[in-house]
Amino acid sequence: MILRSFGLDGKVAIVSGCNTGLGQGMAVALAQAGADIIGVNYGSADDTPELIEKAGRRFHNITADLSQPCVISDVVAEARRTFGRIDILVNNAGIIRREDAIEFSESDWDDVLNINLKSVFLMSQAVARVYNEQESGGKIINIASMLSYQGGIRVPSYTASKSAVMGLTRALANEWASSNINVNAIAPGYMATNNTAALRADDVREKAIRERIPANRWGTPEDVGGSAVFLASPAADYINGFTLAVDGGWLAR
Ligand code: NAD
């Protein structure tokens, strides 16, 4: 009986940046749990539509650059029109720029903050308005990071953005919990995706990071699927403003 409250049958989820990496892993997991998926991607969704259809659910791709605030209202309107409603938003799209803080450029600051933080707020606000119009409540899952807790090295705008995502998650949760909107976050540890390709290509950094992970391996897109399904499901209806680490024990160390 309890397992039924983890199901997402009939739900519609928006997942930004789901053509690859963690976004793809979460989109597939949400579909396997029963949700239809709206992807928001720079371009094509690559092999994600095939994977969603294999899970027996529908997929629709919206092409957009989410770092441009002017696109957000159209994206959310199209998402709502496509399958008739929205129940879940996963704010996954994000980028990282690496450079010594002393050399860090204003554009590397703005580019990262625009997609990793500003678009998270604007997408959340637009989708929460839909939840209110539907009188349905709904779920919002933000993607934080180990750098929501720690400083990192050579990634000042990324750390600033992901630390702010954890704070924003709490702030929105406080305001919207009484409207049955659950705002939570997942903080992935060190995961093998494009985001960490540069780190993994550097043998010294790769080894240093892996040896510090108690699980002794980098995470995978599949590793975040279960947490996404849980936070998107009725089983998490009384969880508000929490950031769940999926990190192989990194923070416990
Ligand atoms: P990734 O680079 O494989 O995926 C990022 C996704 O975001 C891609 O689909 C990309 O197209 C999309 N995206 C970026 N900018 C966009 C824009 N302006 N408009 C639309 N889409 C855009 O990396 P990933 O590791 O899968 O990253 C997913 C999320 O997880 C990011 O928010 C990232 O910061 C976060 N994260 C990753 C790790 C890790 O170790 N890989 C750890 C913690 C958090």
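Scroll up to find the structure this text is about.
Undergrad: Would you mind going over helix H5 (residues 156-176) with me for this structure?
TA: Count 3.6 residues to each turn of an α-helix, and residues three or four apart come out pointing the same way. Taking 1.5 Å per residue, 21 residues should reach 30 Å; H5 reaches 30 Å between its end C-alpha atoms and fits that length. Turning to H5, its buried residues number three or more, namely Ser157, Tyr158, Thr159, Ser161, Lys162, Val165, Met166, Leu168, Thr169, Leu172, Ala173 and Trp176. Those residues of H5 that are buried are in contact with helix H4 (106-134), strand E5 (138-143), strand E6 (181-188) and strand E7 (243-246).

Undergrad: Explanation requested: the pairing of strand E1 (residues 12-16) in the structure shown.
TA: Of all the five residues making up E1, five are buried; the element is thus mostly covered by neighbouring parts of the structure. Burial along E1 is two-sided: Val12, Ile14 and Ser16 and Ala13 and Val15, pointing in opposite directions, are all buried. When E1 meets strand E2 (residues 36-41), the two strands line up parallel, connected through five bridges. Bridge pairing links Ala13 to Ile37 in E2. Crossover handedness for the path E1 to helix H1 (residues 21-32) to E2: right-handed.

Undergrad: Explanation requested: the pairing of E2 in the structure shown.
TA: Regular strands show a simple pattern: their side chains alternate between the two faces of the sheet. Within E2, six of the six residues are buried, which leaves the element mostly enclosed by the surrounding structure. Both faces of E2 are covered, namely the face carrying Asp36, Ile38 and Val40 and the face carrying Ile37, Gly39 and Asn41. Two strands pair when backbone bridges link them, and E2 and strand E3 (residues 59-63) are joined in this way by five bridges, in the parallel orientation. Its bridge partner lying in E3, Gly39 is registered against Asn61. In this region the chain leaves E2, passes through helix H2 (residues 48-54) and returns to the parallel neighbour E3; the handedness of that crossover is right-handed.

Undergrad: What am I meant to see in the side chain of Thr243 here?
TA: With respect to the helices and strands, Thr243 occurs in strand E7. Classification of Thr243 as buried rests on a relative accessible area of 8%. Non-local contacts of Thr243, meaning those with residues more than four positions away in its chain, are made with Ala144, Tyr149, Met166, Ala185, Ile186 and Ala187.

Undergrad: It is not clear to me how the packing of aromatic side chains should be interpreted in this structure. Could you clarify?
TA: Centre-to-centre distance and the angle between the planes together describe a pair of aromatic rings. As enumerated under the stated definition, the model contains three aromatic pairs in all. Ring centres of Tyr190 and Trp218 lie 6.0 Å apart, and the angle between their planes is 90 degrees; on these two criteria the pair is classed as edge-to-face. With a gap of 28 residues between them, Tyr190 in the loop between E6 and helix H6 (197-201) and Trp218 in the loop between helix H7 (203-212) and helix H8 (225-232) connect regions that are remote in the sequence. Note on accessibility: Tyr190 and Trp218 belong to one class, buried.

Undergrad: Just to check I follow, could you spell out the site of the ligand for this structure?
TA: By nearness alone, 28 residues border the ligand, and Asn19, Asp65, Asn92, Tyr158 and Thr193 come closest of all. Here Leu66 contributes a backbone N or O atom positioned 3.0 Å from a nitrogen atom of the ligand. In this structure, an oxygen atom belonging to the ligand sits 3.3 Å away from a main-chain N or O atom of Gly189. Look at the ligand: alone it shows 820 Å² of surface, and the protein chains cover 94% of it. The residue inventory of the shell around the ligand, partitioned by class, reads 13 nonpolar, 13 polar and two charged.

The rules behind the values
Counting restarts for each chain: residues are numbered from 1 in the order of the written sequence. Residues qualify for local features only when their pLDDT is at least 70, as the model is predicted, and side-chain atom pairs are given and counted only at 80 or more; totals for whole chains, interfaces and linings, by contrast, use all residues. Note that water and hydrogens are dropped before the side-chain values are worked out from all heavy atoms of the structure. For helices the rule is a DSSP run of H or I covering at least 4 residues; for strands it is a run of E covering at least 2, with both sets numbered from the N terminus onward. Helix span, expected: 1.5 Å multiplied by one less than the number of residues in the helix. Burial status follows relative accessibility: with a 1.4 Å probe on protein chains alone, a residue under 20% of its type maximum counts as buried, one over 50% as exposed, and anything between as partly exposed. In what follows, residue pairs with any heavy atoms lying within 4.5 Å of each other are defined as contacts. Pairing between strands requires that DSSP locate at least two bridges from one strand to the other. Handedness of a crossover: with both strands directed away from the viewer, a clockwise path from the first strand across the helix to the second marks it as right-handed. Classification of ring pairs rests on two measures: the distance between centres of Phe, Tyr or Trp rings, Trp counted by its six-membered ring, which must be within 6.5 Å, and the angle between planes, read as stacked under 30 degrees, edge-to-face over 60 and tilted in between. Proximity is defined per residue: any heavy atom of the residue falling within 4 Å of a molecule or strand makes that residue near it. Definition of a polar contact: a pair of N or O atoms within 3.5 Å, with one able to donate and the other able to accept a hydrogen when the atoms are protein atoms, and with sequence-neighbouring residues admitted only if both atoms are side-chain atoms. Here the open area of atoms and residues is found with the Shrake-Rupley method and a 1.4 Å probe, where only the protein chains shown may cover a residue. Residues are grouped as follows: Ala, Val, Leu, Ile, Met, Phe, Trp, Tyr, Cys and Pro are nonpolar; Asp, Glu, Lys and Arg are charged; all remaining types, including Gly, are polar.

Keep in mind these numbers describe shape, not what the thing actually does.
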